[in-house]
Amino acid sequence: MSHTAPSDPAAAATGTPPPSAVSRPRVAIVGGSVTGPAAALLLLHAGFDVSVYEAAGDSAPQGGGLIGLEHASLDVLDQLGIEQSEFVKYDSEVVAHIAVRERRPARARRHRYAGRNTTWPLLHAALARRLPAGVLHTGATVTGLSDYHGQPLLHFADGQRRPVDLVVFADGRASVGRQLLDGGRRLRYAGYVAHRGQVAGPVSGLRDFLRFQPVPEAGVQLTVAPIPGGADWTFYLGATAAQYTRWFGAPPTRRLFALPHHVGAAARARVDEAARRYLPEPQATLVAGTTDRMAAPVMDIDPPTRMVWPLRGGHAVLLGDALAPVRPHTARGANNGIEQAAGLVAALTQHRKYGADLATALEGWQRRHLPAALAAVAAGPVLGRHIGFADA
Ligand SMILES: Cc1cc2nc3c(=O)[nH]c(=O)nc-3n(C[C@H](O)[C@H](O)[C@H](O)COP(=O)(O)OP(=O)(O)OC[C@H]3O[C@@H](n4cnc5c(N)ncnc54)[C@H](O)[C@@H]3O)c2cc1C
């Protein structure tokens, strides 16, 4: 991978047009999951020239699960004209926190969540289906960034090069953008795993988001919520990096999402055994009866100190999980990405429409949004300790 080399002869070799006389800033978004398409739609509405590059061969690469969206993010989707009923299928705001003693529900506390639950497939589909033809390029893996006649040039795995004015990296936990721009920041495994499952078929009486907390055990928690066609659960359990590697075929820093085909018999057995040991019978049965399983290692990252990088003739920014993946209990990952995207588009619009200085506008955006990202990074270990996971 290269970063801002003085000029790029390969661009000429591949016939890339020189980036002269740009009338509208060309924005390249890397990543077509949640943050990327949200940013793309907002930019298109504001009149920008946008392309989205997604490495996966189709536009729905991950079988992701439940995502809680707070009101600020819901409002962004509203402004995009996306009816909430399209991606919120269960509109309960109730979260029930259930203490479990000797496998029996002992005590329940209820509170309301200032938001609504959706799922990754519903949210992704609602966004991606609104991208006009020709905006989303799937099977396009970005590998580097260099400089061509004083303009940023994106490199692709197939050897293509494209000149752009602004690069928005929304390429997730293993972000190439972060490696290129801010390579000193490392991801660290937090010592536990979010095992996930999707139950096919209705779960009787399930309407709210339920959190089961076995006590006095430390480091075990199950969450369950209804999703279309069934239920989604996440079971947090400790595991060493060696166990994770054995169960999912690669170390946590390399396998940041274990998809169903990565989940072997040993991982299933560990989850089923913990469910039988700690959870009430109905939840243990629910877990054991789930065939569709995934997992995500819980990760921490060195906190970001910036979101914007000036390049010769342009800028690059990091958004969403590309900037800072956060622990799932914070329920902030997708929210951070959507809110950052909306703020970015506001700053770019002030530049384009009213001539605001671009560097200053981007700095203002960073000043506004970096503290929220830092707060979410810092909240992860606090919430983890609350469940009983010691710092790794
Ligand atoms: C168990 C669990 C529960 C969660 N619950 C919540 C919640 O309640 N609320 C919440 O807000 N968040 C939640 N999250 C987090 C949320 O799912 C993520 O923060 C969110 O999906 C990140 O979106 P993103 O678009 O930034 O990144 P991603 O979804 O990771 O997407 C990145 C995209 O970039 C593509 N890509 C990667 N590299 C390249 C490349 N080099 N070139 C081109 N494309 C590339 C990938 O294929 C992918 O499609 C949860 C996460 C987990 C694991």
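Residues numbered from 1 in each chain as written. Predicted model: local features only at pLDDT ≥ 70, side-chain atom pairs only at ≥ 80, totals over all residues. Heavy atoms only, no water.

### Considerations on the packing of helix 8 (residues 265-278) against helix 9 (residues 281-288)
Helix packing for two helices is described by the angle between their axes and how far apart those axes are. Cut-off, in case you're wondering: A fitted line through C-alpha atoms serves as each axis, taken over the contacting stretch for helices, and the angle formed by two N-to-C directions is quoted from 0 to 180°. A helix here means a DSSP run of H or I that spans at least four residues, while a strand means a run of E at least two residues long, and both kinds are numbered starting from the N terminus. An angle below 35 degrees is read as roughly parallel, one above 145 as roughly antiparallel, one from 65 to 115 as roughly perpendicular, and any other as oblique. By definition in these notes, contact holds between two residues if any of their heavy atoms fall within 4.5 Å. All residues other than Ala, Val, Leu, Ile, Met, Phe, Trp, Tyr, Cys, Pro, Asp, Glu, Lys and Arg, Gly among them, are scored as polar; the first ten of these are nonpolar and the last four charged.
The N-to-C vectors of helix 8 and helix 9 enclose an angle of 170°; their axes lie 8 Å apart at closest approach. Regarding the angle of helix 8 to helix 9, the classification is roughly antiparallel. On the side of helix 8, the interface is formed by V271, D272, A275 and R276, while helix 9 contributes A284, V287 and A288. Classifying every residue of the contact of helix 8 with helix 9 gives five nonpolar, no polar and two charged.

### Things to note about the site of the ligand
Rules: Only heavy atoms are used to decide nearness, and a residue is near a molecule or strand if one of them lies within 4 Å of it. Counted as a polar contact is a pair of N or O atoms within 3.5 Å, where, for protein atoms, one must be capable of donating a hydrogen and the other of accepting one, and residues adjacent in sequence contribute only when both atoms are in side chains. Reported accessibility uses the Shrake-Rupley method at a 1.4 Å probe radius. Residues are deemed covered only where the shown protein chains occlude them.
If you check the shell around the ligand, you find 29 residues, and the closest are S33, T35, E54, G68 and D321. Taking T35, its side chain carries an N or O atom lying 2.8 Å from an oxygen atom of the ligand. If the ligand stood free it would expose 1000 Å²; the protein chains cover 89% of that surface. Elements supplying a minimum of two residues to the shell around the ligand: strand 2 (49-54), strand 3 (66-70), helix 10 (320-323) and helix 11 (333-354). Looking at side-chain class alone, the shell around the ligand contains 15 nonpolar, nine polar and five charged residues.

### Here's the deal with the packing of aromatic side chains
Definition in use: Note on ring pairs: Phe, Tyr and Trp rings are taken, using the six-membered ring of Trp, and paired if centres are within 6.5 Å. Classes follow the plane angle, with under 30 degrees stacked, over 60 edge-to-face and the rest tilted. Per-residue accessibility, obtained with a 1.4 Å probe over protein chains only, is compared with the maximum for each type, and a residue is labelled buried under 20%, exposed over 50%, and partly exposed between these values.
Under the counting rule described, the total for this entry stands at six aromatic pairs. Note on Y189 and Y244: the rings are 6.2 Å apart at their centroids and 50° apart in plane angle, and the pair reads as tilted. Of the two residues, Y189 sits in strand 12 (residues 187-200) while Y244 sits in helix 7 (residues 241-248), which places them 55 residues apart along the sequence. Judged by its relative accessible area of 14%, Y189 is buried. Plain terms: the ring middles of W247 and F248 are 6.4 Å apart, the flat faces sit at 90° to each other, and that makes the pair edge-to-face.

### Some points on the sheet that holds strand 4 (residues 94-101)
Counted only if it meets this: Strand pairing is assigned whenever DSSP detects at least two bridges linking the two strands.
With mixed pairing, the seven strands of this open sheet are ordered in space as 5-4-13-14-15-12-16. Each end of this open sheet is capped by a strand with a single partner; those strands are strand 5 (104-112) and strand 16 (292-301). For this sheet, the mean inter-axis angle between neighbouring strands, taken without regard to orientation, is 20°. Seen against the sheet, helix 9 touches strand 12, strand 13 (209-214), strand 14 (220-227), strand 15 (230-238) and strand 16 and runs at an angle of roughly 75° to strand 14.

### A look at the pairing of strand 1 (residues 26-30)
We apply this condition: If you view a crossover with the strands going away from you and the path from the first strand over the helix to the second runs clockwise, you call it right-handed.
Strand 1 sits mainly inside the fold: four of its five residues count as buried. Where strand 1 lies against strand 2, five bridges are found, and the strand directions are parallel. Considered in strand 2, the bridge of R26 is made with D49. Between strand 1 and its parallel partner strand 2, the chain crosses via helix 2 (residues 35-45), and the hand of that crossover is right-handed. Judged from the four bridges that link them, strand 1 and strand 11 (residues 166-169) form a sheet pairing that is parallel. Its bridge partner being in strand 11, V30 is matched across the sheet by F169.

### Some thoughts on the pattern of salt bridges
So the rule is basically this: Definition used for salt bridges: Asp or Glu carboxyl oxygen within 4 Å of a side-chain nitrogen of Lys or Arg.
Under the definition given, this model contains 19 salt bridges. Close ionic contact of E281 with R103 constitutes a salt bridge, the shortest N to O distance being 3.2 Å. Taken together, the residues span a long stretch of sequence, with E281 in helix 9 and R103 in the loop between strand 4 and strand 5 at a distance of 178 residues. Judged by its relative accessible area of 27%, R103 is partly exposed. Notably, a salt bridge pairs R312 with D147, separated by 2.7 Å at the nearest N-O pair. Here the residue R312 occupies a position in the loop between strand 17 (308-311) and strand 18 (314-318), and D147 occupies one in strand 8 (residues 142-148), the gap between them amounting to 165 residues. A single network of salt bridges, built from pairs that share partners, joins E70, R332 and E339.

### A closer look at helix 3 (residues 71-79)
Put simply, the rule is: The directions from the helix axis to the C-beta atoms form the arc being described.
Of the residues making up helix 3, those classed as buried are S73, L74, V76 and L77. For helix 3, the arc enclosing every buried residue in end-on projection is 155°, short of the 170-degree limit, so these residues lie on one face. Here the buried face of helix 3 lies against helix 2, strand 3, helix 4 (84-87), strand 6 (115-119), helix 5 (120-128) and helix 11.

### Points about the nonpolar core
Heads up, the rule is: Residues belong to one nonpolar core when they are buried, are Ala, Val, Leu, Ile, Met, Phe, Trp, Tyr or Cys, and are joined through side-chain atoms within 4.5 Å.
Within the largest apolar cluster, 84 residues are counted, with the highest numbers of intra-cluster contacts made by I29, F87, L154 and F169. Setting aside residues up to four positions removed in sequence, F87 forms contacts with L69, L74, L77, I82, N117, T118, T119, L122, L123 and A126. One finds A96, V100, L279 and L286 within the second-largest nonpolar core, a separate group that totals 22 residues.

### Let's talk about the packing of helix 3 against helix 11
Put simply, the rule is: What makes a crossing left-handed is the near helix being turned counterclockwise from the far one by less than a right angle; a clockwise turn instead makes it right-handed.
Between helix 3 and helix 11, whose axes approach to 9 Å, the crossing angle comes to 55°. On the basis of their axis angle, the class for helix 3 and helix 11 is oblique. Here helix 3 runs over helix 11; the crossing is left-handed. Facing A72, S73 and V76 of helix 3, the residues of helix 11 in contact are N335, I338, E339 and A342. Tallied by class, residues from the contact of helix 3 with helix 11 come to four nonpolar, two polar and one charged.

### Thoughts on the environment of G134
Residue placement: G134 occurs in the loop between helix 5 and strand 7 (136-138). A residue is classified by how much of its surface remains accessible, and G134, at 57% relative accessible area, is exposed. Each C-alpha atom, one on G134 and one on W309, is 27 Å from the other, the two residues being 175 residues apart in sequence.

### A word on the sheet that holds strand 1
Read from one edge to the other, the open sheet built from six strands follows the order 7-2-1-11-18-17, with strand pairing classed as mixed. The open sheet terminates on both sides in strands that have one partner only, identified here as strand 7 and strand 17. If you compare each strand with its neighbour and ignore which way they point, the axes differ by 20° on average. In the packing of helix 2 onto the sheet, contacts are made with strand 1 and strand 2, and the angle to strand 1 comes to roughly 165°.

As far as function goes, none of this settles anything; it's purely spatial.
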